[in-house]
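Chains, contacts and geometry: an overview
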Amino acid sequence: MLKYIPSHPTSTSTTHVVKDFLSLDHIGFLDHINDDTSSIINHCQSNLTPTKLLNVIGMGGSALGAECLISALNQSDKEVLFWNNSDPSQVQKYLKKGGNGHYLIVSKSGSTIETLSMANLVLSQIKSRHKNWSQFFTVISEYGSPLYTWAKENNIAALEHPPSVGGRFSVFTSVGLLPAAFCDISINQIIAGAQQAVHSPEIIEQIVQDTLKSFQQDKSISIFWTYEAKLLAFTQWLQQLWAESLGKATDRSGASPSPVSTPITHMGTKDQHSVQ
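How each quantity is defined
Residues numbered from 1 in each chain as written. Predicted model: local features only at pLDDT ≥ 70, side-chain atom pairs only at ≥ 80, totals over all residues. Heavy atoms only, no water. Helix = DSSP H or I, 4+ residues; strand = E, 2+ residues; numbered from the N terminus. Rg over C-alpha atoms; globule rule 2.2 N^0.38 Å. Buried < 20%, exposed > 50% of the residue type's maximum accessible area, 1.4 Å probe, protein only. Areas by Shrake-Rupley, 256 points an atom, 1.4 Å probe, with all protein chains shown as cover. Lys, Arg positive; Asp, Glu negative; His and termini not counted. Charge placed at Lys NZ, Arg CZ, Asp CG, Glu CD. Pairing = 2+ DSSP bridges. Axes fitted to C-alpha atoms, helices over the stretch in contact; angles between N-to-C directions. Contact = heavy atoms within 4.5 Å. Salt bridge = Lys/Arg side-chain N within 4 Å of Asp/Glu carboxyl O. Right-handed = clockwise from strand over helix to strand, strands pointing away. Parallel < 35°, antiparallel > 145°, perpendicular 65-115°, else oblique. Nonpolar A, V, L, I, M, F, W, Y, C, P; charged D, E, K, R; others polar. Core = buried A, V, L, I, M, F, W, Y, C linked by side-chain atoms within 4.5 Å.

Focus on the overall build of the chain
The helix and strand tally for the chain stands at eleven helices and seven strands. For the chain, the C-alpha radius of gyration of 20 Å lies close to 19 Å, the compact-globule estimate for 276 residues. For the C-alpha atoms alone, the extent of the chain along its principal axes is close to 65 × 45 × 35 Å. Per-residue burial over the chain gives 45% buried out of 276 residues. Total accessible area on the chain is roughly 14400 Å²; 51% of this is exposed by carbon and sulfur atoms. Taking the average location of the 19 positive side-chain charges in the chain and that of its 22 negative ones, the two points are 7 Å from each other.

As for the sheet that holds strand S4 (residues 137-141)
In space, the five strands of this open sheet follow the order S2-S1-S3-S4-S5, with parallel pairing throughout. The sheet terminates laterally at strand S2 (79-83) and strand S5 (157-160), the two strands that pair on one side only. Strand-to-strand twist in this sheet, taken as the mean axis angle between neighbours without regard to direction, amounts to 20 degrees. Sitting on the sheet, helix H5 (residues 113-129) touches strand S1 (53-57), S2, strand S3 (102-106) and S4, and the angle it makes with S3 is about 155 degrees.

Here we look at the side chain of Thr226
With respect to the helices and strands, the residue Thr226 is situated in strand S6 (residues 221-226). Sequence-distant contacts of Thr226, defined by excluding residues within four places in its chain, comprise Leu231, Leu232, Thr235, His266, Met267 and Gly268.

Overview of the pattern of salt bridges
Going through the model one piece at a time under the given rule, you end up with six salt bridges. Taking the shortest distance from any N to any O, the salt bridge between Asp77 and Lys52 comes out at 3.2 Å. In this pair, Asp77 sits in the loop between helix H3 (64-73) and S2 while Lys52 sits in the loop between helix H2 (38-48) and S1, placing the two residues 25 residues apart along the sequence. A residue is classified by how much of its surface remains accessible, and Lys52, at 48% relative accessible area, is partly exposed. For Lys97, the salt bridge identified is with Glu79, shortest N-O distance 2.8 Å.

Focus: the environment of Cys44
By the element assignment, Cys44 lies in helix H2. For Cys44, a relative accessible area of 8% corresponds to the buried category. Residues Cys44 and Ser222 lie 178 residues apart in sequence; the distance between their C-alpha atoms is 38 Å. Sequence-distant contacts of Cys44, defined by excluding residues within four places in its chain, comprise Thr49, Leu178, Ala181 and Phe182.

Here we look at the pairing of strand S7 (residues 262-267)
Examined bridge by bridge, S6 and S7 share six bridges and lie parallel to one another. Bridge assignment links Thr226 to a residue of S7, and that residue is Met267. For the handedness criterion, the β-α-β arrangement of S6, helix H10 (residues 232-246) and S7 is classed as right-handed.

Quick notes on the packing of helix H7 (residues 174-182) against helix H8 (residues 187-199)
Put simply, H7 and H8 touch, their axes get as near as 9 Å, and they point 140 degrees apart. Regarding the angle of H7 to H8, the classification is oblique. Contacts between H7 and H8 involve Leu177, Ala180 and Ala181 from the first element and Ile187, Ile190 and Ile191 from the second. Residue composition of the contact of H7 with H8, by class: six nonpolar, no polar and no charged.

Quick look at the nonpolar core
Leu54, Val56, Val80, Phe82, Leu104, Leu178 and Phe182 are the most contacted members of the largest nonpolar core, which totals 31 residues. Listing elements by their share of this core, those giving two or more residues are H2, S1, H3, S2, S3, H7, H8 and H10. It is H7 that provides the largest number of residues to this core, a total of six residues. Grouped together as the second largest cluster of nonpolar side chains are 24 residues, Met118, Ile126, Leu147 and Ala158 included.

Take a look at the structure:
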């Protein structure tokens with residue numbers, strides 16, 4: 001997107017930036033906001049209904065998008081634990097709490113070492129307690145990946161991660177929508193909102209204009225600051241989208257990219273008294 005930065009961003013030039021971005025043919029997540037969600041809903045109803053607890057084991061984009069949706073929108077009596085840090089004390093705590101809940105293992109490549117390590121710990125525990133252990137797991141990974149293949153060989157439900165969608169952009173696939181559906185959040189409304197945004201680019205043009213101006217002014221830090229505790233996960237997801245998408249050594253053509261800022265997240269009045 002940054003190859004389209006105008007030298008002096010205006011409302012007109014920003015409109016072109018957004019239009020050009022939406023017309024690109026390699027933005028995989030845009031291809032999936034029109035997907036039928038019935039298979040996700042059916043899987044949730046068939047495999048996740050008996051439990052009130054879902055454990056999502058995944059790193060970065062395999063968890064942050066879903067965590068954003070759950071944190072902001074969950075009003076059910078169901079709980080989702082996100083295993084997105086290999087801290088031993090947290091893992092032990094989750095092992096005790098996860099109990100007989102369902103486990104969703106997410107890795108696009110199927111070889112993320114932290115994800116597989118934690119999944120192995122859970123697997124050992126569930127296998128020791130249940131003969132029908134495979135029913136406690138669902139896998140989301142690319143077709144043919146080591147994780148996907150393992151799931152199929154062990155009669156574990158496996159959903160395909162679209163190859164064209166980077167993990168950090170996967171919130172509109174089963175990666176984000178399955179945990180949301182588990183919590184009785186209307187995933188069709190989430191998809192409808194994404195479709196509305198794509199077809200109403202003016203919604204984001206002002207934000208884009210302000211962002212491009214900050215880049216032109218060589219501002220080195222962008223702070224995503226929320227006063228709503230339930231939106232903290234959203235700022236953390238946005239931080240990953242920003243840093244992993246824009247903080248590249250080279251652009252797609254191999255040239256040096258445009259300079260961008262470092263994204264930082266802050267929370268409410270707490271950080272007003274400690275950071276400002």
